[in-house]
Amino acid sequence: MKSGVLSIALYPGTFDPITFGHIDIAVRASQIFSKVIAVVATNPAKNPLFTPQERVEMAREALKNVPDVEVISYDGLVVDCMREYNATAIIRGLRAVSDIDYEFQMAFTNRKMLESAETVFLMPSAEYVYLSSTLVKQIARHGGEIGQFVPDCVKQRMLEKVAV
């Protein structure tokens, strides 16, 4: 078990779908925290392609070989999820400078709601810095090859979903 004060971290996201960029961040987080909980969240501002259950299933399959990572679904505030799972940190991936304003606003808001909530920002590997679920969906909808962006289990579901 990894030592340190920050033992359980939440990694929230819509993961619609989970990408190699998400997996990269989960792997990095698992090397820092004793347990990482990937939280498949509902975002009312987004219109997801996959149901929460489908996203959980894909994330579990994609992360099955990453040690100390669990996947759950949660429909509520991340600070409430932190309380429920005794988490001490929130993991957020930063791809570009353009992410910072929104991520800082979220981090400060979470800390205002739960004083002990710490947000840890992780950068993905350079090869995934441009990657987003939105981009993957656009490529798939236009018949492009997405295998370089998502695991095979996700690619199959994407192809089935966009073919409908």
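Rules used in this analysis
Residues numbered from 1 in each chain as written. Predicted model: local features only at pLDDT ≥ 70, side-chain atom pairs only at ≥ 80, totals over all residues. Heavy atoms only, no water. Helix = DSSP H or I, 4+ residues; strand = E, 2+ residues; numbered from the N terminus. Rg over C-alpha atoms; globule rule 2.2 N^0.38 Å. Buried < 20%, exposed > 50% of the residue type's maximum accessible area, 1.4 Å probe, protein only. Contact = heavy atoms within 4.5 Å. Areas by Shrake-Rupley, 256 points an atom, 1.4 Å probe, with all protein chains shown as cover. Lys, Arg positive; Asp, Glu negative; His and termini not counted. Charge placed at Lys NZ, Arg CZ, Asp CG, Glu CD. Core = buried A, V, L, I, M, F, W, Y, C linked by side-chain atoms within 4.5 Å. Salt bridge = Lys/Arg side-chain N within 4 Å of Asp/Glu carboxyl O. Pairing = 2+ DSSP bridges. Axes fitted to C-alpha atoms, helices over the stretch in contact; angles between N-to-C directions. Parallel < 35°, antiparallel > 145°, perpendicular 65-115°, else oblique. Nonpolar A, V, L, I, M, F, W, Y, C, P; charged D, E, K, R; others polar. Polar contact = N/O pair within 3.5 Å; in protein donor to acceptor, adjacent residues only side chain to side chain.

## Considerations on the overall build of the chain
At step 1: Looking only at helices and strands, the chain has six helices and five strands in total.
At step 2: Each helix (α) and strand (β) of the chain, taken in turn from the N terminus, gives the series β-α-β-α-β-α-β-α-β-α-α.
At step 3: For 164 residues, the compact-globule formula gives about 15 Å, and the C-alpha radius of gyration of the chain, at 15 Å, lands near that figure.
At step 4: In terms of principal-axis extent, the alpha carbons of the chain reach across some 45 × 35 × 30 Å.
At step 5: Within the span of the chain, comprising 164 residues, buried residues form 45% of the whole.
At step 6: Partitioning the intrachain contacts of the chain with sequence separation of at least 6 by distance along the chain shows that 76% fall at a separation of at least 24.
At step 7: A total accessible area of about 9000 Å² is found for the chain, and carbon and sulfur atoms account for 53% of it.
At step 8: If the 17 positive side-chain charges of the chain are averaged to one point and the 19 negative ones to another, these points end up 1 Å apart.

## Considering the nonpolar core
At step 1: With 34 residues, the main nonpolar core has Ile18, Leu63, Ile91 and Met158 as its most contacted residues.
At step 2: Broken down by secondary-structure element, the contributors of at least two residues to this core are strand E1 (8-13), helix H1 (20-30), strand E2 (35-41), helix H2 (52-62), strand E3 (69-74), strand E4 (89-93), helix H5 (133-141) and helix H6 (152-163).
At step 3: Every residue in contact with Ile91, bar those within four places of it in the chain, is listed here: Ala9, Leu10, Tyr11, Pro12, Ile25, Ala29, Phe33, Val120 and Leu122.
At step 4: Listed in part, the 14 residues of the second largest apolar core include Ile37, Val39, Val79 and Cys81.

## Details of the pattern of salt bridges
For side chains bearing opposite charge, pairing can occur when the charged atoms are close.
At step 1: On inspection of all chains with the given rule, the structure shows ten salt bridges.
At step 2: Asp16 serves as the salt-bridge partner of Lys137, at 2.9 Å between the closest nitrogen and oxygen. Here Asp16 lies in the loop between E1 and H1 and Lys137 lies in helix H5, a separation of 121 residues in the sequence. Accessibility classification places Lys137 together with Asp16 in one group, the buried group.

## A short note on the sheet that holds E4
At step 1: Across the sheet, which stays open at both edges, the five strands sit in the order E3-E2-E1-E4-E5 with parallel pairing between neighbours. Across the chains shown, the open sheet's two edge strands, defined by having one partner strand only, are E3 and strand E5 (118-122). The average angle at which neighbouring strand axes cross in this sheet is 30 degrees, direction not considered.
At step 2: Across six bridges, the pairing between E2 and E3 is parallel. If you follow Val36 over to E3, its bridge partner there is Val69.

## Quick look at the packing of H2 against H6
At step 1: Viewed as axis vectors pointing N to C, H2 and H6 meet at an angle of 150 degrees, and their least axial separation amounts to 9 Å. In this view, H2 runs roughly antiparallel relative to H6, as classed from their interaxial angle. Here H2 contributes Glu54, Glu57, Met58, Glu61 and Ala62 to the contact with H6, which in turn contributes Cys153, Val154, Arg157 and Lys161.
At step 2: Its residues assigned to classes, the contact of H2 with H6 comprises four nonpolar, no polar and five charged.

## A short note on the environment of Gly13
At step 1: Topologically, Gly13 is positioned in strand E1.
At step 2: Beyond its immediate stretch of four places on either side in the chain, Gly13 contacts Val39, Val40 and Ala41.

## Some thoughts on the side chain of Arg92
At step 1: Note on placement: Arg92 falls in strand E4.
At step 2: The class for Arg92 is buried, based on a relative accessible area of 16%.
At step 3: One polar contact links the side chain of Arg92 to the main-chain carbonyl oxygen of Pro12, over a distance of 2.9 Å.
At step 4: Once you skip the residues sitting within four places of it in the chain, Arg92 turns out to touch Pro12, Glu103, Met106, Thr119, Val120, Phe121 and Leu122.

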